[in-house]
Each structure stands twice: as structure tokens, then as C-alpha cells.
Amino acid sequence: MTLPYERSRAVIETREFLRLLLGNRQVPDSIRSDAKWLLRHYPSANEVFQAGWHELASPAHVLEPIFDTSVDGKPSDRWPPPRDKERNDPNVAG
């Protein structure tokens, strides 16, 4: 299972990878064109962090956290541990 801080780091590093592809003249034009198009719609590191902060601000509205405010390879200390499903709760799937 991917954790929010791992997802945040992956998204930010993928943006950097696309940026490197775009700037490399040895990469075929079609690949660089695709990288350029994807970057137009790809979230910046700041947008990833903002999403993490929004999730932290309203944790009741988040089923499972998507992003974290940390990308240093360690989970943010602001997130509570993942919620365990209640085994005896008939309203919880699983």
C-alpha cells in the first residue's frame, strides 16, 4: 500500500523526470512533446503540498489521505496512523 508521503514524493519526482525529458535534445521529439503536454497539467510540488495541507485541515472529509506535506522519505508527524476497519461494524466493507 502506498502511503501519502510516498505518493507525494513520487509525484514530485515524476514531475522532475518529465522536465528532464523535455530538456534533453537526445530524446525523440515525440517523447519530448508528450512530456511537455503532461507537464502542462501536472501538479507542482507546491500544489502537492497544498493538497496535503487541505487534507490535514479537514481530515473528516478524507477517506484515505492522498498526499502528505513531507517528501523527504519519512511520513509527516501531522498525520494520524491509518484507520483500522472495525471488525464488528456491519457498515464497514472488508
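Heads up: the structure comes first, above all this text.
Residues numbered from 1 in each chain as written. Predicted model: local features only at pLDDT ≥ 70, side-chain atom pairs only at ≥ 80, totals over all residues. Heavy atoms only, no water.

**Q** Requested: an account of the pattern of salt bridges, with residues and values cited.
**A** Scanning all chains against the criterion turns up three salt bridges. Salt-bridge contacts for Glu 16 lead to Arg 19; the nearest nitrogen and oxygen are separated by 2.7 Å. On the criterion of helical spacing, the pair formed by Glu 16 and Arg 19 is a turn pair, its members being three residues apart in helix H1 (residues 4-23). Assessed through its relative accessible area of 35%, Glu 16 is described here as partly exposed. With relative accessibility at 46%, the residue Arg 19 sits in the partly exposed group. (Salt bridge = Lys/Arg side-chain N within 4 Å of Asp/Glu carboxyl O. Helix = DSSP H or I, 4+ residues; strand = E, 2+ residues; numbered from the N terminus. Buried < 20%, exposed > 50% of the residue type's maximum accessible area, 1.4 Å probe, protein only.)

**Q** Please set out the packing of H1 against helix H3 (residues 45-57) residue by residue, giving values where relevant.
**A** Relative orientation of the contacting elements H1 and H3 amounts to 160°, with a least axis distance of 9 Å. Relative to H3, the element H1 lies roughly antiparallel. Between H1 and H3 the crossing geometry is right-handed. Note on element contacts: H3 touches H1 through Ala 45, Val 48 and Phe 49, opposite Ser 8, Val 11 and Ile 12. For the contact of H1 with H3, a count of residues per class yields five nonpolar, one polar and no charged. (Axes fitted to C-alpha atoms, helices over the stretch in contact; angles between N-to-C directions. Parallel < 35°, antiparallel > 145°, perpendicular 65-115°, else oblique. Left-handed = near helix turned anticlockwise from the far one by under 90°. Contact = heavy atoms within 4.5 Å. Nonpolar A, V, L, I, M, F, W, Y, C, P; charged D, E, K, R; others polar.)

**Q** Got a sec to walk through the nonpolar core? Specific residues and values, please.
**A** Generally speaking, soluble globular proteins have nonpolar side chains that are buried together. With five residues, the main nonpolar core is built from Leu 18, Leu 21, Val 27, Ala 35 and Leu 39. Those elements that provide at least two residues to this core are H1 and helix H2 (29-41). (Core = buried A, V, L, I, M, F, W, Y, C linked by side-chain atoms within 4.5 Å.)

**Q** How would you explain the side chain of Arg 32 if you had to name every residue and give the values?
**A** Within the secondary structure layout, Arg 32 lies in helix H2. Given a relative accessible area of 12%, Arg 32 falls into the buried group. With near-sequence residues (within four places) excluded, Arg 32 lies in contact with Leu 21, Leu 22, Asn 24, Arg 25 and Val 27.

**Q** Before we move on, could you go through H3 and cite the residues and values that matter?
**A** Residue pairs spaced three or four apart in an α-helix point in one direction, given the helix's 3.6 residues per turn. Along its 13 residues, H3 runs 18 Å from first to last C-alpha, staying within 8% of the 18 Å computed at 1.5 Å per residue. Within H3, the full set of buried residues consists of Val 48, Gly 52, Glu 55 and Leu 56. Considered in projection along H3, the buried side chains sweep an arc of 105° and stay on one side of the axis. Those residues of H3 that are exposed and angled more than 90 degrees off the buried face are His 54 and Ala 57. Structurally, H3 contributes buried residues whose contacts are with H1. (Expected span 1.5 Å × (residues − 1). Arc of directions from axis to C-beta.)

Without other data, these values stay purely geometric and don't point to any function.
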